[in-house]
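Breakdown of the fold
The lines below spell out each chain.
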Amino acid sequence: MKRMLLTALAAAAMLLPASAQCYRNSRYYDSTTDRLDYGQRYGRHDSGLGTGNMYYGIRIGPSFSFVNSDDSRLDGGDWQTGLNIGALVGLPLSRTVPVYLEAGVFYNEKGGRKKLPSGKKMTYDLNYIQLPIVLKYIYNVDSRFTIQPFFGGYLACGVGGKMKNYEDREAFSSFSDDAFQRFDGGLRVGCGVGFDLFYFDISYDIGLSNICHDEFDTSHNGSLALNFGVNF
């Protein structure tokens, strides 16, 4: 947890000066107002973000996840905290309606934890490269502030992680034949808010794929993420 927070703080420190530079180098930057005007490309200065323009984004934040399993050995129903970081692009689906197809590549730390009968804990680290794809509607509250609900799905491939049994002092790969499969996929729902180039959202991933190897029992990921970032 401490290492994750230090990583997030370091990444945020690097993003802040970069975002300020991107802000003023953006093709949407209006020096007369010192803000981004997504409408000026088509000469519609009062139309906000929904003008049919493509955008890019950088995101970072914490994720809070759990594993719900029929197999008591793999069940980690208590929340585990991890890191979520990545980049994305928003592609316009209309020049008149502010609906976008947003896709990205993220590194996402999921997993779960539980307390054993002895009082010791067992943790499940499931680290993924994740590809979220959502439909997003961007509602302009005013020329600077937007509300952005979205719905879609995700695909993910496990790239690492450990299962740790603190009672027996054992640790082994989470993606082994006796534990979890690497592939995951499911639904994503959430809502974001934007203020000029700055952005925040909350999203929830509902795992639909059975991530354990057992043909009779099932295991599913669940994850809540808070994302902070910039659009340019």
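Our subject is the structure listed above.
Source: prediction; values computed, not measured.

1. Digging into the overall build of the chain
Counting secondary structure elements, the chain contains 1 helix and 13 strands. Going from the N terminus to the C terminus, the chain shows its helices and strands as α-β-β-β-β-β-β-β-β-β-β-β-β-β. Across the 232 residues of the chain, 46% fall into the buried class. Of the contacts made within the chain by residues no fewer than 6 positions apart, 62% connect residues no fewer than 24 positions apart.

2. Quick word on unusual backbone geometry
Unlike most non-glycine residues, Arg 169 shows phi in positive territory, near 55 degrees. Of note, Arg 169 is situated in the loop between strand S9 (162-165) and strand S10 (170-173). The phi dihedral of Asp 196 falls on the positive side, at around 55 degrees, and the residue is not glycine.

3. As for the side chain of Gln 80
Within the secondary structure, Gln 80 is located in strand S4 (residues 76-92). The exposure class of Gln 80 is buried, given its relative accessible area of 10%. Of note is the side chain of Gln 80, whose polar atom sits 2.8 Å from the side chain of Asp 125. In this structure Gln 80 touches Ser 63, Phe 64, Ser 65, Gly 111, Gly 112, Arg 113, Thr 123, Tyr 124 and Asp 125, once residues within four positions along its chain are discounted.

4. Details of the pattern of salt bridges
Under the criterion given, the structure shown has 5 salt bridges. Note that Asp 71 and Arg 73 form a salt bridge whose closest N and O atoms lie 2.7 Å from each other. You can call Arg 73 exposed: its relative accessible area is 51%. For Arg 144, the salt bridge goes to Asp 196, with nearest N and O atoms at 2.5 Å. Remark: Asp 196 occurs in the loop between strand S11 (183-195) and strand S12 (198-207) and Arg 144 occurs in the loop between strand S7 (139-140) and strand S8 (145-160); sequence separation between them is 52 residues. By relative accessible area, Arg 144 is classed as partly exposed at 32%. Overall, Asp 196 belongs to the buried group, its relative accessible area being 12%.

5. A few points about the nonpolar core
Judged by nonpolar contacts, the single largest core of 15 residues is most densely connected at Leu 74, Leu 126, Tyr 128, Met 163 and Phe 180. Of all the elements in the fold, those that place two or more residues in this core are strand S6 (121-137) and S8. When residues no more than four places from it in sequence are discounted, the contact partners of Phe 180 are Val 67, Leu 74, Tyr 124, Leu 126, Met 163, Ser 174, Phe 175, Ile 211, Cys 212, His 213 and Ser 219. One finds Tyr 55, Leu 88, Phe 106 and Ile 138 within the second-largest nonpolar core, a separate group that totals 5 residues.

6. Some points on the packing of aromatic side chains
Within this structure, the stated rule accounts for 6 aromatic pairs. Both rings, one in Phe 200 and one in Phe 228, keep their centres 4.9 Å apart while their planes meet at 40 degrees; by these two values the pair is tilted. With Phe 200 in strand S12 and Phe 228 in strand S13 (residues 219-231), this pair connects stretches of sequence that are 28 residues apart. Of note, Lys 110 hangs over the ring of Tyr 154, and the distance from its end group to the ring centre comes to 4.2 Å. The ring of Tyr 166 carries Lys 121 above its face, with NZ or CZ at 5.0 Å from the centroid.

7. With respect to a nonpolar patch on the surface
A cluster of nonpolar side chains, namely Val 97, Tyr 137, Tyr 139, Val 141, Ile 147, Val 193, Phe 200, Ile 202 and Phe 228, defines an oily patch on the protein surface of about 720 Å² accessible area. Relative to the assigned elements, Val 97 resides in the loop between S4 and strand S5 (99-115).

The rules behind the values
Along each chain, residue indices are assigned from 1 in the same order as the chain's sequence is written. The predicted nature of this model means local features are confined to residues of pLDDT at least 70 and side-chain atom pairs, given and counted, to a pLDDT of 80 or more, with totals for whole chains, interfaces and linings taken over all residues. Only hydrogens and water are removed before side-chain values are computed, so all heavy atoms of the structure are retained for them. For the purposes of this entry, the term helix denotes a DSSP run of H or I that reaches at least four residues, the term strand denotes a run of E that reaches at least two, and both are numbered from the N terminus. In this scheme, a residue with accessible area under 20% of its type's maximum is buried, one over 50% is exposed, and one in between is partly exposed, where area comes from a 1.4 Å probe on protein chains only. Should any heavy atoms of two residues lie within 4.5 Å, those residues are counted as being in contact. Two N or O atoms form a polar contact when they lie within 3.5 Å of each other; inside protein one atom must be a possible hydrogen donor and the other a possible acceptor, and for residues adjacent in sequence the pair counts only when both atoms belong to side chains. We define a salt bridge as a side-chain nitrogen of Lys or Arg found within 4 Å of a carboxyl oxygen belonging to Asp or Glu. Each nonpolar core is a collection of buried residues, namely Ala, Val, Leu, Ile, Met, Phe, Trp, Tyr and Cys, held together in the definition by side-chain atoms within 4.5 Å. Aromatic contacts are taken between Phe, Tyr and Trp rings whose centres are within 6.5 Å, Trp giving its six-membered ring; a plane angle under 30 degrees counts as stacked, one over 60 as edge-to-face, and the others as tilted. Look at NZ for Lys and CZ for Arg. If either is within 6 Å of the ring centre and within 35 degrees of the ring normal, a charge sits over the ring. Exposure above 30% relative accessible area and the absence of a salt bridge qualify a residue for a patch, where like charges join within 9 Å and nonpolar side chains (Val, Leu, Ile, Met, Phe, Trp, Tyr) within 5 Å. Using a 1.4 Å probe, the Shrake-Rupley method yields the accessible areas, and only the shown protein chains count as cover for residues.

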